[in-house]
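The lines below spell out each chain.
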Amino acid sequence: MNYSQLSKEELRQIYDLQKGEYDSLVAQGYSVDIARGKPCNEQLDISMPMLAAEGIENMPKSYRNYGMLDGIPEMKKIFADMLEVDPSQVILGGSSSLNLMYDTIQRALQFGVTGGKPWNSAHVKFLCPVPGYDRHFAICEHFGIEMISIPMNEEGPNMDLVEQLVANDDAIKGMWCVPKYSNPTGITYSDAVVERLANMKTKADDFRIFWDNAYVVHDLAEVSDHLANIMVLCDKAGHPNRVYQFASTSKVTLAGAGVSCIATGKDNVKDILSHMTMQTISYNKVWQYIHYLFLKDMDNVRAIMAKQREIIKPKFDTLITAFEDSFGSDSGIASWTNPNGGYFITLDVLDGCAKRVCELCKKAGLTLTAAGAPFPYGIDVNDRTLRIAPTFTSDSDLIVATRILTCCVKLACVEKLIDIKVNAN
Ligand SMILES: Cc1ncc(COP(=O)(O)O)c(C=O)c1O
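Residues numbered from 1 in each chain as written. Predicted model: local features only at pLDDT ≥ 70, side-chain atom pairs only at ≥ 80, totals over all residues. Heavy atoms only, no water.

Before going further, it helps to examine the pairing of strand β3 (residues 125-130). With six of six residues buried, β3 lies mostly within the body of the structure. The sheet contact formed by β3 and strand β4 (residues 146-153) spans six bridges and is parallel. From the neighbouring strand, L127 faces β4, where its bridge partner is I148. Between the parallel pair β3 and β4, the chain is carried across by helix α5 (residues 134-143), and the sense of this crossover is right-handed. Alignment of β3 against strand β6 (residues 172-177), held across three bridges, turns out to be parallel. Bridge pairing in β6 places L127 opposite M175. (Buried < 20%, exposed > 50% of the residue type's maximum accessible area, 1.4 Å probe, protein only. Helix = DSSP H or I, 4+ residues; strand = E, 2+ residues; numbered from the N terminus. Pairing = 2+ DSSP bridges. Right-handed = clockwise from strand over helix to strand, strands pointing away.)

To continue, consider the domain arrangement of the protein. Along its sequence, the protein is organised into domain 1 (3-43 + 302-424) and domain 2 (54-296). Centre-to-centre, using C-alpha coordinates, domain 1 lies 31 Å away from domain 2. Counting from both sides, the interface comprises 26 residues of domain 1 and, opposite them, 31 residues of domain 2. Carbon and sulfur atoms supply 60% of the area that domain 1 and domain 2 bury against each other, a total of about 2500 Å² over both sides. The tally of links between domain 1 and domain 2 comes to three salt bridges. The tally of links between domain 1 and domain 2 comes to 14 residue pairs in polar contact (both at pLDDT 80 or more). Those elements that place two or more of their residues in the side of domain 1 that touches domain 2 are α11 (298-327), β11 (345-349) and β13 (385-388). The biggest single contributor to the side of domain 1 that touches domain 2 is α11, with seven residues. A breakdown of the residues in the side of domain 1 that touches domain 2 according to their chemical character gives 14 nonpolar, eight polar and four charged. (Domains from an automatic or database assignment. Contact = heavy atoms within 4.5 Å. Buried area = accessible area lost by both parts, 1.4 Å probe. Salt bridge = Lys/Arg side-chain N within 4 Å of Asp/Glu carboxyl O. Polar contact = N/O pair within 3.5 Å; in protein donor to acceptor, adjacent residues only side chain to side chain. Nonpolar A, V, L, I, M, F, W, Y, C, P; charged D, E, K, R; others polar.)

We now examine the pattern of salt bridges. The final tally for this structure, using the stated rule, is 16 salt bridges. For D134, the salt bridge identified is with R387, shortest N-O distance 3.9 Å. Remark: R387 occurs in strand β13 and D134 occurs in helix α5; sequence separation between them is 253 residues. Among the ionic pairs, E163 bridges to R196, the shortest N-O distance being 2.8 Å. With E163 in helix α6 (residues 159-168) and R196 in helix α7 (residues 191-199), the pair connects residues that are 33 residues apart, well separated along the chain. Relative accessible area serves as the criterion here: at 30%, R196 is assigned to the partly exposed category.

A separate point is the side chain of S260. Along the chain, the position of S260 falls in strand β9 (residues 260-264). For S260, the side chain forms a polar contact with the main-chain oxygen of G94, separated by 2.8 Å. Discounting chain neighbours no more than four positions away, the residues touching S260 are F79, I91, L92, G93, G94, S95, S96, S97, L100, A247 and S248.

Looking now at α5. All buried positions along α5 are accounted for by D134, H136, F137, I139 and C140. Structurally, α5 contributes buried residues whose contacts are with α4 (97-111), β3, β4, β6, β7 (208-212) and β13. Immediately downstream of α5, the backbone of G144 shows phi near 75°, a positive value.

For the rest of this paragraph, the subject is the packing of α11 against helix α13 (residues 395-424). α13 packs onto α11 with a crossing angle of 30° between their chain directions and a minimal axis gap of 10 Å. Considering the angle they form, α11 stands roughly parallel to α13. Here α11 runs over α13; the crossing is right-handed. Where α11 approaches α13, its residues K315, T318, L319, A322, F323, S326 and F327 are matched on the opposing element by D395, L398, I399, T402, L405, T406, V409 and K410. Partitioning the contact of α11 with α13 into residue classes produces eight nonpolar, four polar and three charged. (Axes fitted to C-alpha atoms, helices over the stretch in contact; angles between N-to-C directions. Parallel < 35°, antiparallel > 145°, perpendicular 65-115°, else oblique. Left-handed = near helix turned anticlockwise from the far one by under 90°.)

What follows is the structure, encoded as structure tokens:
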């Protein structure tokens, strides 16, 4: 059923039906939250044996002491294998890769990159593929960096636009990318997009790509999406320092207590360490070693992620099935992504309805990520996109969430369509 083809009377009938359903949902006094992409307790339980630190007696004595600013070799090797880079390109951080991203931008603004001028000696702009990760945009906003939205398509960011912008504006110093199982659309950049990012000409010679590979091993399907190795391609293209790549074990082991890393070109590594050494003598090497004991190698990381998939895949399926049952493929009021990995589903509703859906859901006890959050400055010009995070919620709460959400989407969109038809007359 395509809602926009229905008559005013038909729409009113649907409205009355949905309003009845909505009122009964409100009366239940539910409280469910699908706003943030957090692992659920069952996922976190998988890593609890890590705390026994089996084998800790073999830890090299020096790891207890100061030193090794870039982290312990055992854990650097695991990240190097995960990101398909050389261990010498990896620097370990604390528990949060977001922290490393923030620090990297702050350093560049104040000191420049690899001997260049401080970025903030002039106006700074970043390219922001949208919809994207709200916390990336929050960092830019915090530092006063102007954000330029780049529409995403099935293959990644619109590269014609990216190439044209970076070639002509030396104020564009950076670009955010979540290249695999992107937050929130779940798409993985195609080989052609990665190739173009590595090869494109930039007016700013200190331009950097912030390659946030947060979901590199977070498959929901049996077969992992292929992502081309941007660092190898950048080397080939003569831009060995173009990319800062980030990852962490936040959603492999414990979200509140993981290990993070930055992987990048040789000159960048040297540059970062020259500043980092003013900041700290070393990160937590004992925790890095405990992670190594638990994770062991990439085969074991994949086995851990397969266990996580067993827990969270059914949650994604619950939502997708509910969307299919409620809207079908041709409703004209809702379309959604069915990702092969990552933590999110993007639900696009009829233009002008996303905020209203959030408002209705809130009143019925369902918290969604604020409409607009996946866009720079929190502005979704189409008021269309909703980010759904199914992982944290219990299976029973998720069923409640789908009932509230599908009802509110229908209600908000039918309201809008009636409004359009009334105003047209
Ligand atoms: C794209 C992306 N990057 C980074 C993070 C946070 O990573 P970390 O826990 O390592 O700070 C998230 C968390 O949701 C994310 O979605």
